[in-house]
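One-letter residues, chain by chain:
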Amino acid sequence: MQSNSQIVTECPQNIGFERGSLTNWQCFTGEISGTGRNFPTAQRPAVISVTSSAPVNGIHTLIPQGTNLDPYGNFSLNAPNGSNYIIQLGNSNNGREAERISYTINVPSTVNEYSIVFNYAVVLENPDHQEDEQPKFTARVIDVATNTFTECGSFEFTAPGAGGGIPGFEKSPVNDSVLYKPWAPVMVNLSNYKGRTIKLEFTTNDCSRGRHFGYAYLDFNENCSIPIIGNIVCPEADQVTLKVIPGLAEYKWFNADTYNMLGTGSEITISPAPPPGTRIGVELTPYQGLGCRQTLYTTITSMYMNINDPPESCISVNLTSTAVTVGNSSDLTYTYWKDQNASIPLSAPNRVTSQGTYYIKGTSSSGCSMVLPVQVLITTLQPITTIQPDSVSYPATVDLTKAFTQEPGLTYSYWSNQSATNPIKKPQAIRFPGTYYIKGSNSEGCFTISAVTVKIIMPYFFIPNTFTPNGDGINDVFTILTGSAFSIKAFKIFNRWGEIVYQTSDITKYWDGLKENANVPVGVYYWVMEGNESLKPFKKSGFVTVLR
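Some points on the sheet that holds strand β16 (residues 250-255)
Part 1: Reading across from one edge, β17-β16-β19-β20 is the order of the four strands in this open sheet, with antiparallel pairing throughout. Because the sheet does not close on itself, it has two edges, and the strands there are β17 (261-263) and β20 (294-299). Going across the sheet, the axis of each strand differs from the next one's by a mean of 30 degrees, ignoring polarity.
Part 2: Note: strand β19 (residues 279-285) against β20, six bridges, orientation antiparallel. Its bridge partner being in β20, Arg279 is matched across the sheet by Thr299.

Quick look at the layout of surface pockets
Part 1: In this structure, the second largest pocket spans a volume of roughly 690 Å³.
Part 2: By residue class, the composition of the lining of the second largest pocket is eleven nonpolar, eight polar and five charged.

Notes on the environment of Asp132
Part 1: You can see Asp132 is positioned in the loop between β6 (115-125) and β7 (136-143).
Part 2: In sequence terms Asp132 and Arg44 are 88 residues apart; their C-alpha atoms lie 8.2 Å from each other.
Part 3: Among residues more than four places away in sequence, those in contact with Asp132 are Ile32, Arg44, Pro45 and Ala46.
Part 4: Here Ala46 takes part through its backbone nitrogen, which lies 2.6 Å from a polar atom of the side chain of Asp132.

Observations concerning the state of the cysteines
Part 1: Scanning the entire structure with this criterion turns up two disulfides.
Part 2: Disulfide pairing places Cys11 opposite Cys224 at an S-S distance of 1.9 Å. Its S-S torsion of approximately 110 degrees makes the covalent link between Cys11 and Cys224 right-handed. With Cys11 in the segment before β1 (26-32) and Cys224 in the loop between β13 (214-220) and β14 (232-233), the pair connects residues that are 213 residues apart, well separated along the chain.
Part 3: Exposure remark for Cys11: the relative accessible area of 11% places this residue in the buried category.
Part 4: Note that Cys314 is cross-linked by a disulfide to Cys446, the S-S spacing being 1.1 Å. Note on the Cys314 and Cys446 pair: the S-S dihedral is about 75 degrees, so by sign convention the disulfide is right-handed. Here Cys314 is found in the loop between β21 (301-302) and α1 (322-325), whereas its partner Cys446 is found in the loop between β27 (434-441) and β28 (447-454), with 132 residues between them in sequence. Of the two residues examined, Cys314 and Cys446, each falls in the buried class.
Part 5: The thiol of Cys27 is not disulfide-bonded; the next cysteine sulfur, from Cys11, is found 19 Å away.

Some thoughts on unusual backbone geometry
Part 1: Between Ser271 and the following residue, Pro272, the backbone shows a cis peptide bond with an omega angle of 0 degrees.
Part 2: Along the chain, Pro272 falls in the loop between β18 (267-270) and β19.
Part 3: Even without a glycine there, the phi angle at Glu516 is positive, about 50 degrees.
Part 4: Among the residues examined, Glu516 registers a relative accessible area of 74% and is labelled exposed.

Some thoughts on empty space enclosed by the protein
Part 1: A complete count under the given rule lists three cavities of 30 Å³ or more for this structure.
Part 2: Of the pockets and cavities examined, the largest cavity occupies roughly 80 Å³.
Part 3: Here the lining of the largest cavity takes three residues from strand β11 (residues 178-189), the largest share from any one element.
Part 4: Partitioning the lining of the largest cavity into residue classes produces eight nonpolar, two polar and no charged.

What to know about a nonpolar patch on the surface
Part 1: Where nonpolar side chains cluster on the molecular surface, the patch consists of Val524, Tyr526 and Phe543 and spans about 300 Å² of accessible area.
Part 2: Relative to the assigned elements, Tyr526 resides in strand β37 (residues 523-533).

Criteria and cut-off values
Residues numbered from 1 in each chain as written. Predicted model: local features only at pLDDT ≥ 70, side-chain atom pairs only at ≥ 80, totals over all residues. Heavy atoms only, no water. Pairing = 2+ DSSP bridges. Helix = DSSP H or I, 4+ residues; strand = E, 2+ residues; numbered from the N terminus. Axes fitted to C-alpha atoms, helices over the stretch in contact; angles between N-to-C directions. 1 Å grid on protein atoms, 1.4 Å probe; cavity = no way out; pocket = protein on both sides within 12 Å on 5 of 7 lines; lining within 4 Å. Points joined across faces, edges and corners; volume = space filled by probe spheres on them. Nonpolar A, V, L, I, M, F, W, Y, C, P; charged D, E, K, R; others polar. Contact = heavy atoms within 4.5 Å. Polar contact = N/O pair within 3.5 Å; in protein donor to acceptor, adjacent residues only side chain to side chain. Disulfide = S-S within 2.5 Å. Buried < 20%, exposed > 50% of the residue type's maximum accessible area, 1.4 Å probe, protein only. Patch = residues over 30% accessible without salt bridge, like charges linked within 9 Å, V, L, I, M, F, W, Y side chains within 5 Å. Areas by Shrake-Rupley, 256 points an atom, 1.4 Å probe, with all protein chains shown as cover. Salt bridge = Lys/Arg side-chain N within 4 Å of Asp/Glu carboxyl O.

Listed below in structure tokens is the structure:
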């Protein structure tokens, strides 16, 4: 079955502040030039000047979802589109402050439709000033190539002063000198700008006399498709409900094939449901000065859902990956379950670590749903096939890199402990008996670890008189070799002034030429060892030379 559903076009990254930051946005701070009695020679009209800056909290302020209300308008500061963050541009301080944010968009040339939908709210103190002196909120959509702003989506609000009210604004219930406009939407259709660069620019400023404030809130959708939803019809549905962005002045819905009028409002229900393939249009009329009249189209389609089994992994599988649901109807939302009845939720669908059959439920904006199975395969690496090396007599060495059978697709490393945290510097020349570990890893980060026992016949008692702690993997530690008849209670090393530079009761902890994590100077050092030999006390001493 083919899907004719409307394609979802992702907006540029972080345009809706979904990262909880202003990444990809450019911030500015500045001022409006002064006027009034304190500035008798000031240039008129008042001019806004800003310079680029890092984000400044209190001026470019991200606000997360919560219970916050605007202090003057008492409207909610939760994002109207349900996202996690909005931004407050400006503040309620005064002092001729001006602030700006902008985002540069390269409109894809490969899409048929591309739009930016944003919501804004504005709070302006309303002094009795001239228009150019008033607090203001300005929105601009700029064609970068021509440095001109488009009519649709470009507008400004200025506190009216003695000039009267602003359409859509209300007086603050807590301060009648403040006007506010609660959340309202704007859609900027950029379909005619494919392959071009567009800049969104938003500015707020206080009054030019330095005593009255202005600020605004902004929120952006992260879907840049033409925003009509509900066009996907459930099987056996007897009606369909179509929705478009609310808050505009007028809506006219019509059958694009017959031009029959279907209704008004931001949402309509059509009964009986039109057959798949029917094109529906809606003419959107914004409030005066807040954009252009435009007509959008959508096609009625049947719900289509298919699940692609993810590739097998040796660590975990991400069922929320778009590759699992690619090609489905565009407005589906997904939930993840352990059973076919969708009654036992899957707690971490983005990191499934157990092999088996799981279930994905897709639900359209029309309310219809479908549950389909998905197979998760978790593979494990086979253990490394080790080859027991022949025993040798000290000072002969064992080559650990030849103690196993190598498999294609794996890289190998060598370790002195089972948790693979202590690497072996020279695995080709193992000098002491013991158990060592070989780790095989693939490109996904999966690994397997196998142990190899190295047998080296040690002398009855051996203490070298030199060693070279220079990090070349050869003779880097001062090693005391004893037979099984010896047990060591204390081992100490002194410098020429009789200071202890190293001591241990564990003879397997070799000296690496360090004192308090610093290299000791080259030279001769004196060592003393105490313990038992065949249960009889003994004490030995001698000298060792450190070379580098």
